[in-house]
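Fold and contact review
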Amino acid sequence: MGHIQVCGLSKQYMERRTAPRTVNCSPNVEQGTYLEVLNDINLHFEDGELVCLLGPSGCGKTTLVRIIAGFEQPTSGSVTIDGKQVKGPSSNHIFVFQHNGLLPWMTVWDNVRLGLRHMSDKEQMGDRIREYLDIVNLTGFEHHYPHQLSGGMQRRAELARALVVNPDVLLMDEPFAGLDFLTRLKMREEIINMHEYFRKTILFITHDIEEALVMADRMVVFSDRPAQVRMNLKLSCSHPRDFTKESALEDLRRSVYMELGVHYAL
Ligand SMILES: Nc1ncnc2c1ncn2[C@@H]1O[C@H](COP(=O)(O)OP(=O)(O)OP(=O)(O)O)[C@@H](O)[C@H]1O
Ligand SMILES: [Mg+2]
C-alpha cells in the first residue's frame, strides 16, 4: 500500500499586502496578488517506489509534498493515496520525516515510542522499539537524549521513529540537510538498505543530483516556479550504483544538470 496519484495539481498562494492609508481608500484594506507555485502537476508514484524530487530552490517541492501529506489544500486538482482522496493529514498512512524532528526533552527510546502510543501491550511495544533501534544501529543509545547523539545518529533515531509506525508512505524533505559529507554518504546507504528491506513508498526531496541518481528508482525534475514536471526518469540500474562503471548514469547526470541550467559542473 502506498500508491499515490497526483492529478492536475495547481497551487497559488495569496500574497497579502496592506494598502496604504489614503483619502479614497479605507484604512488597512487587504490587497493581494497570487503567487503561482504549482502548475498542473500530474504524477504517479507506485507502491514501494523511492522517488527523488529535484528542482530549483523555491519552485514548489515542499509545497507539493505538504499537499500530498494533507497539510495544504491545492487550488485545483487532487491527490489520492491508494484510491482515497487526501483531504487532511493522516498519521496512519503517511509519515513526514523532518530533520530536527526529535523532541529534545525525551530520550531516544521515548521519541521512538511516541508513534506507538496506541499499543496497549507494553511488552510488545518494547520489543518493537528495540527491533527498530537495532535496525538503525542505535542499540545501547536508548537512554541518550538527542543532544548526546551525533548528527548521523539523530537522523537514524528519526528514521527509527518514522519506520516504527509502519507508514505506507514516507515523505522526506531534504532529510540530510546539515550533515557532513561522509555522514551523508552513510545515510544514503542506510536509506537504500532500509528501502530494499521495507519497500515503503518514499518521496525524497534533495538538491543533490548525484544523491538522487544513486538512491532513486525514479527521479522527477521540476522547472522553476511555477513548478512543472520537466523530467520523469526511471532508474533501473541495480544497487550499489557506480558512476565510473555505468555510463548511463553519467549521461543522466549530465542531462539533469543541463535541465537545471547548470553547465559548468559537467
Ligand atoms: N504558506 C505560504 N504562503 C505563501 N507563500 C508560500 C507559502 N509556502 C511557500 N510559499 C512560497 O511558495 C514558493 C515555493 O516554496 P517551497 O517551499 O514549496 O519551495 P521549495 O521548492 O521547497 O524550495 P527549497 O528548495 O528552497 O526548499 C516560494 O516562493 C515560497 O515563498
Ligand atoms: Mg523545500
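Residues numbered from 1 in each chain as written. Chains lettered and ligands numbered in written order. Predicted model: local features only at pLDDT ≥ 70, side-chain atom pairs only at ≥ 80, totals over all residues. Heavy atoms only, no water.

The chain is annotated in an unreviewed UniProt entry as ABC-type nitrate/sulfonate/bicarbonate transport system, ATPase component of Desulfomonile tiedjei.

1. Here we look at the side chain of R156
For clarity, the threshold we go by: A helix here means a DSSP run of H or I that spans at least four residues, while a strand means a run of E at least two residues long, and both kinds are numbered starting from the N terminus. For each residue, the accessible area found with a 1.4 Å probe, counting protein chains only, is set against the maximum for its type, and the residue is called buried under 20%, exposed over 50%, and partly exposed in between. Note on definitions: a residue-residue contact is assigned when non-hydrogen atoms from the two residues lie within 4.5 Å.
Mapping R156 onto the fold places it in helix α4 (residues 151-164). Since its relative accessible area comes to 15%, R156 is described here as buried. In this view, R156 contacts V136, N137, L138, M187 and E190; residues no more than four positions away in its chain are not counted.

2. Topic: the packing of helix α3 (residues 122-135) against α4
Going by this rule: Lines fitted to the C-alpha atoms define the axes, with helices restricted to the stretch that makes contact. Angles between their N-to-C directions range from 0 to 180 degrees. Each angle gets one of four labels, with under 35 degrees taken as roughly parallel, over 145 as roughly antiparallel, 65 to 115 as roughly perpendicular, and the rest as oblique. Helix crossings get a hand from a simple test, with the near helix turned counterclockwise from the far one by less than a right angle marking a left-handed crossing and a clockwise turn marking a right-handed one.
As a packed pair, α3 and α4 sit with axes 9 Å apart at the nearest point and diverge in direction by 135°. As far as their axial angle goes, α4 and α3 are oblique. For the element pair α3 and α4, the recorded crossing hand is right-handed. Within the contact between the two elements, α3 uses R128, Y132 and L133 and α4 uses A160, L163 and V164.

3. Remarks on the domain arrangement of the chain
Convention followed: The split of the chain into domains comes from an automatic or database domain assignment. Defined here as a combined quantity, buried area equals the accessible surface (1.4 Å probe) lost by two parts on assembly, summed across both. We define a salt bridge as a contact between a side-chain nitrogen of Lys or Arg and a carboxyl oxygen of Asp or Glu at a distance within 4 Å.
Along its sequence, the chain is carved into domain 1 (1-93 + 170-266) and domain 2 (99-166). In this structure, domain 1 and domain 2 have C-alpha centres spaced 26 Å apart. Contact residues are listed per partner, giving 16 residues for domain 1 and twelve residues for domain 2. At the boundary of domain 1 with domain 2, total buried surface from both sides reaches about 1,100 Å², with 67% on carbon and sulfur atoms. Area buried by domain 1 at its contact with domain 2 is led by M187, E190 and F198, which between them contribute 35% of it. Applying the counting rule to domain 1 against domain 2 returns one salt bridge. A salt bridge links E190 to R156; the shortest N-O distance between them is 3.6 Å.

4. Some details on α3
Every α-helix winds through 3.6 residues per turn, so residues three or four apart in the chain are directed the same way. Our working rule: A helix is expected to span 1.5 Å multiplied by its residue count minus one. This arc corresponds to the set of directions leading from the helix axis out to the C-beta atoms.
Taking 1.5 Å as the rise per residue, α3 with 14 residues should run 20 Å; its terminal C-alpha atoms sit 20 Å apart, in good agreement. If you check which residues of α3 are buried, you get M125, G126, I129, Y132 and L133. Within α3, the buried residues cover an arc of 135° as seen down the axis, which keeps them to one side. Contacts made by the buried residues of α3 are with α2 (108-113), α4 and α5 (181-198).

5. Describing the site of ligand 1
This is how it is decided: By convention in this text, a residue qualifies as near a molecule or strand provided that one of its non-hydrogen atoms is within 4 Å of it. By the criterion applied in these results, polar contacts are pairs of N or O atoms within 3.5 Å in which, for protein atoms, one can donate a hydrogen and the other can accept it, and in which residues neighboring in sequence qualify only through two side-chain atoms. Areas reported as accessible are Shrake-Rupley estimates using a 1.4 Å probe. Residue values count occlusion only from the protein chains shown.
If you check the shell around ligand 1, you find 14 residues, and the closest are S57, G58, K61, T62 and T63. Here a nitrogen atom of ligand 1 and a side-chain polar atom of Y13 are 3.5 Å apart. In the model, an oxygen atom of ligand 1 is placed 2.8 Å from a nitrogen or oxygen of the K61 side chain. Burial of ligand 1 by the surrounding chains reaches 63%, relative to a free accessible area of 640 Å². For the shell around ligand 1, the secondary-structure elements that each account for two or more residues are β2 (30-45) and α1 (61-69).

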